[in-house]
Amino acid sequence: EDQVTQSPEALRLQEGESSSLNCSYTVSGLRGLFWYRQDPGKGPEFLFTLYSAGEEKEKERLKATLTKKESFLHITAPKPEDSATYLCAVQVNLQGAQKLVFGQGTRLTINP
Amino acid sequence: KAGVTQTPRYLIKTRGQQVTLSCSPISGHRSVSWYQQTPGQGLQFLFEYFSETQRNKGNFPGRFSGRQFSNSRSEMNVSTLELGDSALYLCASSLGTWRQQYFGPGTRLTVT
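The rules we used
- Residues numbered from 1 in each chain as written.
- Chains lettered and ligands numbered in written order.
- Predicted model: local features only at pLDDT ≥ 70, side-chain atom pairs only at ≥ 80, totals over all residues.
- Heavy atoms only, no water.
- Contact = heavy atoms within 4.5 Å.
- Buried area = accessible area lost by both parts, 1.4 Å probe.
- Salt bridge = Lys/Arg side-chain N within 4 Å of Asp/Glu carboxyl O.
- Polar contact = N/O pair within 3.5 Å; in protein donor to acceptor, adjacent residues only side chain to side chain.
- Helix = DSSP H or I, 4+ residues; strand = E, 2+ residues; numbered from the N terminus.
- Nonpolar A, V, L, I, M, F, W, Y, C, P; charged D, E, K, R; others polar.
- Pairing = 2+ DSSP bridges.
- Axes fitted to C-alpha atoms, helices over the stretch in contact; angles between N-to-C directions.
- Phe/Tyr/Trp six-rings, centres within 6.5 Å; stacked < 30°, edge-to-face > 60°.
- Buried < 20%, exposed > 50% of the residue type's maximum accessible area, 1.4 Å probe, protein only.
- Disulfide = S-S within 2.5 Å.

**Re the interface of chain B and chain A**
Contacts between the two partners involve 25 residues from chain B, matched on the other side by 23 residues from chain A. The junction of chain B with chain A conceals about 1,800 Å² of combined surface from both sides, 53% of it contributed by carbon and sulfur atoms. On the surface where chain B and chain A come into contact, there are 0 salt bridges. Linking chain B to chain A there are 3 residue pairs in polar contact (both at pLDDT 80 or more). Elements supplying a minimum of two residues to the side of chain B that touches chain A: strand 4 (31-38), strand 5 (42-50), strand 6 (53-57), strand 9 (87-94) and strand 10 (102-103) of chain B. Class assignment of the residues belonging to the side of chain B that touches chain A gives a composition of 9 nonpolar, 12 polar and 4 charged.

**Some words on the sheet that holds strand 3 (residues 19-24) of chain B**
Residue and element names in this part refer to chain B. In spatial order, the strands read 1-3-8-7; together these 4 strands make up an open sheet with antiparallel pairing. Of all the strands in the sheet, the pair left with one neighbour each is strand 1 (5-7) and strand 7 (64-68). Shown here is a sheet whose adjacent strand axes are inclined to one another by a mean of 20°, direction ignored.

**Regarding the packing of aromatic side chains**
In this structure the tally under the stated criterion is 12 aromatic pairs over all chains. Relative to B:Tyr35, the ring of A:Phe102 lies with its centre 5.6 Å away and its plane at 85°, an arrangement referred to as edge-to-face. Taken together, the positions of A:Phe102 in strand 10 (residues 97-102) and B:Tyr35 in strand 4 put the pair across two chains. Taking relative accessible area as the criterion, A:Phe102 reaches 8% and is therefore assigned buried. Overall, B:Tyr35 belongs to the buried group, its relative accessible area being 0%. For the pair B:Tyr35 and B:Phe45, a centre-to-centre distance of 5.7 Å together with 65° between the ring planes defines the contact as edge-to-face. Highlighted residues: B:Tyr35 in strand 4 and B:Phe45 in strand 5, separated in sequence by 10 residues. B:Phe45 shares its class with B:Tyr35; the two are buried. By way of ring pairs, the aromatic residues A:Phe34, A:Tyr36, A:Phe46, A:Phe102, B:Tyr35, B:Phe45, B:Tyr102 and B:Phe103 are connected into one cluster.

**Quick word on the state of the cysteines**
Taken as a whole and judged by the stated rule, the model has 2 disulfides over all chains. Disulfide partner of A:Cys23: A:Cys88, at an S-S distance of 1.9 Å. The S-S bond linking A:Cys23 to A:Cys88 shows a torsion near -55°; that makes this disulfide left-handed. Of this pair, A:Cys23 sits in strand 3 (residues 19-26) while A:Cys88 sits in strand 9 (residues 84-94), and the two are 65 residues apart along the sequence. Per residue, the accessibility class of A:Cys23 equals that of A:Cys88, and both read buried. Through a disulfide, B:Cys23 is tied to B:Cys91; the S-S separation comes to 1.7 Å. The S-S bond linking B:Cys23 to B:Cys91 shows a torsion near -45°; that makes this disulfide left-handed. A residue pair is termed long-range when its members are at least 10 positions apart, and B:Cys23 in strand 3 and B:Cys91 in strand 9 qualify at 68 residues. Residue B:Cys91 is classed as buried on the basis of its relative accessible area of 0%.

**Points about the sheet that holds strand 3 of chain A**
Residue and element names in this part refer to chain A. If you trace the 5 strands from one edge of the open sheet to the other, you get 1-3-8-7-6, paired in antiparallel fashion. Two strands in the sheet have a free side with no partner beyond their single neighbour: strand 1 (3-7) and strand 6 (56-59). In this sheet, adjacent strand axes meet at a mean angle of 15° when their direction is disregarded. As defined by bridge partners, strand 3 adjoins strand 8 (residues 70-75) across 6 bridges and the pair is classed as antiparallel. Bridge pairing links Ser24 to Glu70 in strand 8.

**Focus on the environment of A:Thr49**
In this structure, A:Thr49 sits in strand 5 (residues 45-50). Between the alpha carbons of A:Thr49 and A:Leu66 there is a distance of 9.9 Å; along the sequence they are 17 residues apart. Look past the residues within four positions of A:Thr49 in its chain and what remains in contact with it is A:Leu33, A:Phe34, A:Glu55, A:Lys57 and B:Gln100.

Taken by themselves, the reported measurements are silent on function.
Rendered as structure tokens:
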């Protein structure tokens, strides 16, 4: 069964304190891995897509990396506005149709 | 460019009733996927439509159904509502299969 596990469930950091979020997956037919940010009461906001091991993407204070079994979202010198739930999802091939399997998310809080 | 829109944003229904939710994708996007988000189960895939055809379906009972129109707008219907159907229902659109998905704000359904 396709499975995506994110850790930690919750993370509280001080402003400027860098850290990493983990997303490990066990899927067959992986086509891509996505990172989303979700603020309370809103839909997920697309951040990155990674397709192959060794790939890296950056956007402002965020950097996503991918290995064969897991992905990391590195947050450098975070600010309070980076507080959100970060979701990882893997795109799998189901008989020619796509399906996104999501992890439970990491709830990130940045204290000023 | 307008984002994904969903109507209504909030809905309160009684157990046993049925409900129809609507999703308008980003202009030019032909793929529309639906997800259910609950605190306990997280984000779970319901189904995907592409060019008016259902491409894939998640592990939900037949009470959950959908359709897509020629203009790519999509509707999701839930019949014989149960208390456990209370959730945030999210719609996501993409240019096509294997492309990143952009989410709408969701419809918050409460079943009493």
